[in-house]
Amino acid sequence: MSESVQNSIQEITPSEWELMRIVWTKGKIYSRELIDLLQEKRSWSDSTIKTLLRRLVQKGLLKTEKKERRFLYTATISETAAMNGSAEQLFDHLCAMKKGATLLNLVDHVTLTQDDIAQLQAALSRKVKTAPKQVPCDCLPNDEQC
């Protein structure tokens, strides 16, 4: 993933995420269909949605193709890559000692399928073999503990 796309992920607003989720679900979508779908969910004007589209194209997260008199939008990054990039950036800002507690909180508050849970259990079973007893603090310089 290019650094500019990585930076763009960091700058996606909640409204842009909502628009991108529709594009990811549809794969390719014409602006009119996208506007109609968003207006079923939100009371946004056409011009608001077009502004969001323009910003996402400028950020390099959407590409547009003119077909006759219509614009077709496609994501330039996968939903998984965007979600993982966003989560990694968030966790980069957290105290290393508290990341586990944050993950536990997410697991407690997110609806997971049985397959999701089985995959998490398998990942944790692999990770426990090399996990340290304690994660050092990375908030303060010179190995000071928080």
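The following refers to the structure shown. (Residues numbered from 1 in each chain as written. Predicted model: local features only at pLDDT ≥ 70, side-chain atom pairs only at ≥ 80, totals over all residues. Heavy atoms only, no water.)

1. Remarks on the pairing of strand β3 (residues 70-75)
For a regular strand, side-chain orientation follows a simple rule: the groups alternate between the two sheet faces.
Point 1. Sheet topology places strand β1 (residues 28-30) next to β3; 3 bridges connect them, and they run antiparallel. Within β3, the position partnered with Y30 by the bridge is L72.
Point 2. Between strand β2 (residues 62-67) and β3, which follow one another and run antiparallel, lie 2 residues, and E68 among them has a positive phi close to 60°. (Pairing = 2+ DSSP bridges. Helix = DSSP H or I, 4+ residues; strand = E, 2+ residues; numbered from the N terminus.)

2. Section: the packing of helix α2 (residues 14-26) against helix α3 (residues 31-41)
Point 1. Remark: α2 packs on α3, axes separated minimally by 11 Å, with the N-to-C direction vectors making an angle of 125°. Between α2 and α3, the angle falls in the class oblique. Once α2 is placed against α3, the crossing between them reads as right-handed. Each of E18, L19, I22, V23 and K26 in α2 lies in contact with α3, whose residues at this interface are E33, L34, L37, L38 and K41.
Point 2. Grouping the constituent residues of the contact of α2 with α3 by class yields 6 nonpolar, no polar and 4 charged. (Axes fitted to C-alpha atoms, helices over the stretch in contact; angles between N-to-C directions. Parallel < 35°, antiparallel > 145°, perpendicular 65-115°, else oblique. Left-handed = near helix turned anticlockwise from the far one by under 90°. Contact = heavy atoms within 4.5 Å. Nonpolar A, V, L, I, M, F, W, Y, C, P; charged D, E, K, R; others polar.)

3. With respect to the side chain of T74
Point 1. Within the fold, T74 resides in strand β3.
Point 2. A relative accessible area of 15% means that T74 is categorised as buried.
Point 3. Residues in contact with T74, not counting those within four places in the same chain, are V23, G27, K28, L61, L62 and K63. (Buried < 20%, exposed > 50% of the residue type's maximum accessible area, 1.4 Å probe, protein only.)

By themselves these figures say nothing about function.
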